[in-house]
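Summary of the model geometry
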2 protein chains.
Amino acid sequence: MSGKETRSGRVVRTLKVDLGDRSYPVELGVDTLAGAGKAIARCAPSSRAFVVTVPPVSRRYSGVLQRSLRVAGYRVHRVIVPDGDASKNPRQLSKLWDELIRCGADRSTPVVALGGGMVGDLAGFAAASYLRGVPFIQVPTTILAMVDASIGGKVAVNLPQGKNLVGAFYQPRLVWIDTGTLRSLPVRERAAGFAEIIKSAAIWDAAFFERLEREAERLMDLDPKVLIPTLERACAIKAEVVSQDEREAGLRQLLNFGHTVGHAIEKLGRYRGLLHGEAVAVGMLIAARKSEELGLSPAGTAERIRSLALRFGLPSELPNHPRNAYLAALKVDKKMSDSKIRFVVLRGIGRAETVPLTPREVLSASRCR
Amino acid sequence: MSGKETRSGRVVRTLKVDLGDRSYPVELGVDTLAGAGKAIARCAPSSRAFVVTVPPVSRRYSGVLQRSLRVAGYRVHRVIVPDGDASKNPRQLSKLWDELIRCGADRSTPVVALGGGMVGDLAGFAAASYLRGVPFIQVPTTILAMVDASIGGKVAVNLPQGKNLVGAFYQPRLVWIDTGTLRSLPVRERAAGFAEIIKSAAIWDAAFFERLEREAERLMDLDPKVLIPTLERACAIKAEVVSQDEREAGLRQLLNFGHTVGHAIEKLGRYRGLLHGEAVAVGMLIAARKSEELGLSPAGTAERIRSLALRFGLPSELPNHPRNAYLAALKVDKKMSDSKIRFVVLRGIGRAETVPLTPREVLSASRCR
């Protein structure tokens, strides 16, 4: 990429998520937050805008975003929800509904999610359900949300029984990615974001995986020369998969690589243990080992994933819970169809498929007690 | 219609709701409930089925339906929710989610709504949101649900602030109409159902309206010779409008004729006063009078609606609440876009359109204090 293209305040890349009359653009740039209002006004004109965010993001970025919305003609209502995945629950959802009613939001009012995946999922389900659906805009401020959560329209809240058990497929009108917001992202969350990028490469694009192997350290430093093309490629993979299978009938399941065990880890840690991306990193490793065990993937595949993940500072050990606890957690996994899990395995780096496995079979390749 | 076509236990009419890859059939027949399981198994194969119903319907019909599901290979889980529109709330929704998890429902498990519009709306939103959407089947047992609620995919629950404030557009896989179930429907609910049929005729089909004027008494007697073609035409109108405008961007709003004021009436009666159809009957009258007042509809239009509604035993007077209460109730109407309501008016019997009106203007044609 040329220096010009990474100059501040410009959208340097536009991707399209192609879903017929539900298509939408993903706009990537550096320090572009002040331009978001104008872009939102083009795709969701209304007199009001409803911004959902969390305290740390709000402190840094909601001033700029709200100003840009006001300049674009919106009266802005901001709601701050407590930080952390625990806020992705029916009670917070209900609070958002109440706030939407209180501020007089109507069918034209855009709901703008400013923050990480939790904010996007929660605000997205509120947008999907309020008045049976109002315009939804994603302004992701974490790597994870940029390359994964914000693209594809999966929104949900958790129930005490499991993660993302209720939600919707609801596409945003626009995804506005300002990589400038990543500078304030804690290093651990940065790494967790790269876990989803490793995942995309592992299931879809061997050359991209090799690029990650070459650039891991520069990526962790957020060097824009490598960061922007990496985010772009990861977004494009997600967009490509989603375009071909919006409602997760088949292909899209591949994006769940590492997520079956990842979700179980998060659940057993009561969503206060490993971060989502960290849990997925461990889950990928177990799935890659299973792929080798089943003879689907060449020996050494799991090791390549492990050593790349380690360079990003990601964990590789399954947290210490009883095997039975893992089995029980896997049983409420929503990818389960008639008691078998459609488990995502690799056919080597860059190619994935699903195989039906019982929870017990899933765990056989782990060193779980 | 020939006698053969109304013979018991046969589907005599199949309509298609045309929505591309979300299209589905509406199967109309007399005493066909025992055939539902087989039809459901064709469009939603799974090892489990989840039936939602209310006590009076359950007593009469869930035995037959459950048997037919079992014969078709399902293990059946039935949940009974309390009768009445008050059950259409987030708490009952949450209970259905819990039951779905408890019985091990997965993405293939059909949720079958057996009952009136409340059951369909509540079970439908549970089906739309559980695991981001599982197959949904409508088995309506009231006229209202047959011709209106079960077709078109609008599902929702009420909030304390208003009716249907949160929900989804979520299409069923199949609508199975057995008119035999109407024999046990209380006369008042029967009439309320015909209110929605009058509405369909009033906005869309003058000849159908004239047929209703000829057949009102025979329809109230549920004479199958006139009942089946009438339900068929009403379903077809709904299907036609929905096919052209699934997400209520324009045309579909016409189906809200009578509903703006109708919803306000229901809300002020705390959903324990007039039935939905009765409230809509009064709402249609006010909207028809407004249409005349605006010079859009010839004089006498409102009177034709009033006298037809009266023959079905429907009310024509606005319940006695303060004008300000009506104004406040109209303000949270979800059809409101930037403080004007898109109010449905008639251009004579058989033709409707929307005009933007303030709540105050809506009420000017009523005799509200």
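Just so it is clear, the structure is predicted and the values come from calculations on it, not from any experiment.

1. Remarks on the overall build of chain A
- Each helix and strand in chain A was counted, giving 13 helices and 12 strands.
- The C-alpha radius of gyration computed for chain A amounts to 20 Å, which stays within 12% of the reference 21 Å derived for 369 residues, consistent with globular compactness.
- Going through the 369 residues of chain A one by one, you find that 56% of them count as buried.
- By sequence separation, contacts in chain A at least 24 residues apart represent 74% of the contacts at least 6 residues apart.

2. Points about the relation of the copies chain B and chain A
- Once chain B is rotated about the relating axis by 180° and shifted along it by 0.0 Å, it coincides with chain A to within an RMSD of 0.0 Å. Taken together, the rotation and translation describe the operation of a two-fold axis.

3. Here we look at helix 9 (residues 259-268) of chain A
All names here are of chain A.
- The buried fraction of helix 9 is high, at 10 of 10 residues.
- Every buried residue belonging to helix 9 is among His259, Thr260, Val261, Gly262, His263, Ala264, Ile265, Glu266, Lys267 and Leu268, and all of these are buried.
- Buried residues along helix 9 sit against strand 8 (162-169), helix 10 (276-293), helix 12 (323-331), strand 11 (340-346) and helix 13 (359-363).

4. A closer look at the nonpolar core
- Counting residues in each nonpolar core, the largest one holds 256 residues, and the members touching the most others are Val52 and Ala126 of chain A together with Val52 and Ala126 of chain B.
- Excluding its chain neighbours within four sequence positions, the residues that come into contact with Ala126 of chain B are Leu93, Leu96, Trp97, Leu100 and Val111 of chain B.

5. Regarding the domain arrangement of chain A
Residues and elements named next belong to chain A.
- Each domain of chain A was delimited in the assignment, giving domain 1 (4-184) and domain 2 (187-363).
- Averaged C-alpha coordinates put domain 1 and domain 2 at centres separated by 25 Å.
- For the side of domain 1 that touches domain 2, the secondary-structure elements that each account for two or more residues are strand 1 (10-17), strand 2 (24-30), helix 5 (143-149) and strand 8.
- Of the residues in the side of domain 1 that touches domain 2, the class split is 17 nonpolar, eight polar and six charged.

6. Things to note about the sheet that holds strand 5 (residues 111-115) of chain B
Residues and elements named next belong to chain B.
- One open sheet accounts for seven strands, arranged 1-2-9-6-5-3-4; its pairing is mixed. The sheet terminates laterally at strand 1 (10-17) and strand 4 (75-80), the two strands that pair on one side only. In this sheet, adjacent strand axes meet at a mean angle of 20° when their direction is disregarded.
- With three bridges joining them, strand 3 (residues 48-53) and strand 5 adopt parallel strand pairing. The partner of Val51 across the bridge, within strand 5, is Val112.
- Each of strand 1, strand 2 (24-30) and strand 9 (174-178) touches helix 8 (residues 224-244); the most contacted strand, strand 1, lies at about 20° to it.

7. Comments concerning the sheet that holds strand 5 (residues 111-115) of chain A
All names here are of chain A.
- Taken in spatial order, the seven strands make up an open sheet running 1-2-9-6-5-3-4, and their pairing is mixed. The open sheet terminates on both sides in strands that have one partner only, identified here as strand 1 and strand 4 (75-80). Looking at each pair of strands side by side, their axes are set apart by 20° on average, direction ignored.
- Across seven bridges, strand 1 lies against strand 2 in antiparallel orientation. Across the sheet, residue Leu15 finds its bridge partner in strand 2, namely Val26.
- Packed on one face of the sheet, helix 8 (residues 224-244) meets strand 1, strand 2 and strand 9 (174-178) and runs near 20° to strand 1.

8. Observations regarding the pairing of strand 6 (residues 136-140) of chain B
Residue and element names in this part refer to chain B.
- Strand 6 sits mainly inside the fold: five of its five residues count as buried.
- With burial as the criterion, each face of strand 6 is covered, one bearing Phe136, Gln138 and Pro140 and the other bearing Ile137 and Val139.
- Direction of pairing for strand 5 relative to strand 6: parallel, over a ladder of five bridges. Note on strand 6: the bridge partner recorded for Ala113 is Gln138.
- Handedness of the strand 5-helix 4 (residues 117-129)-strand 6 crossover: right-handed.

9. Overview of the confidence of the model for chain A
Residue and element names in this part refer to chain A.
- Model confidence for chain A is summarised by a mean pLDDT of 92, while 95% of its residues fall at 70 or above.
- Predicted confidence for residues 1-7 stays below pLDDT 50, and this span has 10 contacts to residues more than four positions away or in other chains.
- The complex model carries a pTM of 0.88, and its ipTM stands at 0.87.

10. Concerning the packing of helix 9 (residues 259-268) of chain B against helix 10 (residues 276-293) of chain B
Residue and element names in this part refer to chain B.
- Contact pair helix 9 / helix 10: the axes reach a minimum separation of 7 Å and the direction vectors enclose 135°. Between helix 9 and helix 10, the angle is such that the two are oblique. Helix-helix and strand crossings are classified by hand; for helix 9 and helix 10 the assignment is right-handed. Residue-level inspection shows His259, Thr260, Val261, Gly262, Ile265 and Glu266 of helix 9 in contact with helix 10, the latter providing His276, Ala279, Val280, Val282, Gly283, Ile286 and Ala287.
- When grouped by side-chain class, the residues that make up the contact of helix 9 with helix 10 number seven nonpolar, five polar and one charged.

11. Observations regarding the interface of chain B and chain A
- With 28 residues of chain B at the contact, the number on the chain A side is 28 residues.
- Only helix 3 (90-102), helix 4, strand 7 (154-159), strand 8 (162-169) and strand 10 (336-337) of chain B provide two or more residues apiece to the side of chain B that touches chain A.
- With five residues, the single largest contributor to the side of chain B that touches chain A is strand 8 of chain B.
- Here the residues of the side of chain B that touches chain A are counted per class, giving 14 nonpolar, eight polar and six charged.

12. So, helix 3 of chain B
- Given a rise of 1.5 Å per residue, 13 residues ought to cover 18 Å, and the 18 Å separating the end C-alpha atoms of helix 3 of chain B matches this to within 8%.
- For helix 3 of chain B, the set of buried residues is Gln92, Leu93, Leu96, Trp97 and Leu100 of chain B. Along the axis of helix 3 of chain B, the buried positions cluster into a sector of 150°, meaning they face one direction only. Those residues of helix 3 of chain B that are exposed and aimed more than 90 degrees away from the buried face are Arg91 and Arg102 of chain B.
- Lining the buried residues of helix 3 of chain B we find strand 7 (154-159) and strand 8 of chain A together with strand 3, strand 4, helix 4 and strand 7 of chain B.
- Positioned one or two residues after helix 3 of chain B, Gly104 of chain B has a phi angle of 80°, which is positive.

13. As for the pairing of strand 5 of chain A
Residues and elements named next belong to chain A.
- Burial analysis of strand 5 places five of its five residues in the buried class, which makes it a mostly covered element.
- In this sheet, strand 5 lies alongside strand 3 (residues 48-53) in parallel orientation, the contact comprising four bridges. Paired with Val52 across the strands is Ala113, a residue of strand 5.

14. Structural notes on unusual backbone geometry
- Positioned with a positive phi, Arg132 of chain A is a non-glycine residue whose angle comes to about 65°.
- Checked against the element boundaries, Arg132 of chain A lands in the loop between helix 4 (117-129) and strand 6 (136-140).
- Taking the C-beta count within 10 Å as the criterion, Arg132 of chain A has 23 such neighbours and is therefore assigned buried.
- Within the chain, Leu222 of chain B stands out as a residue other than glycine whose phi angle is a positive 60°.
- When you line up the elements, Leu222 of chain B lands in the loop between helix 7 (206-220) and helix 8.

Cut-offs used in this document
Residues numbered from 1 in each chain as written. Chains lettered and ligands numbered in written order. Predicted model: local features only at pLDDT ≥ 70, side-chain atom pairs only at ≥ 80, totals over all residues. Helix = DSSP H or I, 4+ residues; strand = E, 2+ residues; numbered from the N terminus. Rg over C-alpha atoms; globule rule 2.2 N^0.38 Å. Buried ≥ 20, exposed ≤ 12 C-beta atoms within 10 Å, placed from the backbone. Contact = placed C-beta atoms within 7 Å. Least-squares fit on C-alpha atoms with pLDDT ≥ 70 in both. Core = buried A, V, L, I, M, F, W, Y, C linked by C-beta atoms within 7 Å. Domains from an automatic or database assignment. Nonpolar A, V, L, I, M, F, W, Y, C, P; charged D, E, K, R; others polar. Pairing = 2+ DSSP bridges. Axes fitted to C-alpha atoms, helices over the stretch in contact; angles between N-to-C directions. Right-handed = clockwise from strand over helix to strand, strands pointing away. pLDDT = per-residue confidence, 0-100. Parallel < 35°, antiparallel > 145°, perpendicular 65-115°, else oblique. Left-handed = near helix turned anticlockwise from the far one by under 90°. Expected span 1.5 Å × (residues − 1). Arc of directions from axis to C-beta.

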